[in-house]
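Structure assessment
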Amino acid sequence: MPRILVIDDDPAISELVAVNLEMAGYDVSQAEDGIKGQALALQLQPDLIMLDLMLPRVDGFTVCQRLRRDDRTSEIPVLMLTALSQTQDKVEGFNAGADDYLTKPFEVEELLARVRALLRRTDRIPQAAKHSEILNYGSLTLVPERFEAIWFNETVKLTHLEFELLHCLLQRHGQTVSPSEILREVWGYDPDDDIETIRVHIRHLRTKLEPDPRHPRYIKTVYGAGYCLELPGVPPANEGASVTVVE
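So, here's what we can say about the structure. (Residues numbered from 1 in each chain as written. Predicted model: local features only at pLDDT ≥ 70, side-chain atom pairs only at ≥ 80, totals over all residues. Heavy atoms only, no water.)

Quick look at unusual backbone geometry now. Backbone torsion omega between Lys104 and Pro105 reads -5°, so that peptide bond is classified as cis. Relative to the helices and strands, Pro105 resides in the loop between strand E5 (100-103) and helix H5 (108-122). Phi at Arg57 takes a positive value of approximately 75°, unusual for a residue other than glycine. Looking at the secondary structure, you find Arg57 in the loop between strand E3 (48-52) and helix H3 (60-69). For Arg57, a relative accessible area of 64% translates into the label exposed. (Helix = DSSP H or I, 4+ residues; strand = E, 2+ residues; numbered from the N terminus. Buried < 20%, exposed > 50% of the residue type's maximum accessible area, 1.4 Å probe, protein only.)

Here it is as structure tokens:
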């Protein structure tokens, strides 16, 4: 039974979330402030953390940053719950290390769908690792078991989300991948035009892979259409190039 830690100072919302999660078959623990929430996360090692941003004592942004810096909790998926709906708040949440973001008020079914998607997607190993594959194309090699990219012979450590996003683009190298396609494959759900989630993580990938992230050469934005991974030294996808899979 997956264990979920709910960190929220609103008793009504916390109880509503906990009851519905328990009815869906999850083991739920609760904390009402940031300090207790961080302590329980370290103690329980839950499979997922639902984290409110506006918390007493220590706010959710800070809690998330601390969890990401600690090896014991750095890989636990975090779903942020908040009444803040501005784009900048979402950006700050993702920059703090959140995996997904849900604005209050929300439908219970949407909440459960996000939880299922996060647990299914993270599953402690990416989809590619389940087939014991190493994906190589041009100067890029993905190593699923370690969430790493070998990029121009340099090892680059990636988060789960960064790995899945890069893997998604690699499968369609040279092609434009739409935001809806990325969100379905990487995040596991079909949101309504919420592309800020993708923008933040594309920005993180560029910081790690691009010589000049503000003028990307490899992870390109196709305005109004999506994103395209163009790797150096390989022919375009429509000239018959293929992904090499090493068993």
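Now that the structure is up, let's keep going.
Right, let's talk about the nonpolar core for a bit. By size, the foremost hydrophobic cluster in this structure holds 30 residues, and its most contacted members are Leu140, Leu142, Leu166, Leu169, Leu170, Ile182 and Leu229. Contributing elements (two or more residues each) for this core: strand E6 (134-137), strand E7 (140-143), strand E8 (148-151), helix H6 (160-170), helix H7 (179-187), helix H8 (196-209) and strand E12 (226-229). Here this core gets seven residues from one element, more than from any other, and that element is H6. Contact partners of Leu140, with chain neighbours within four places excluded, come to Leu135, Ala149, Ile150, Trp151, Leu166, Leu170, Leu229 and Leu231. (Core = buried A, V, L, I, M, F, W, Y, C linked by side-chain atoms within 4.5 Å. Contact = heavy atoms within 4.5 Å.)

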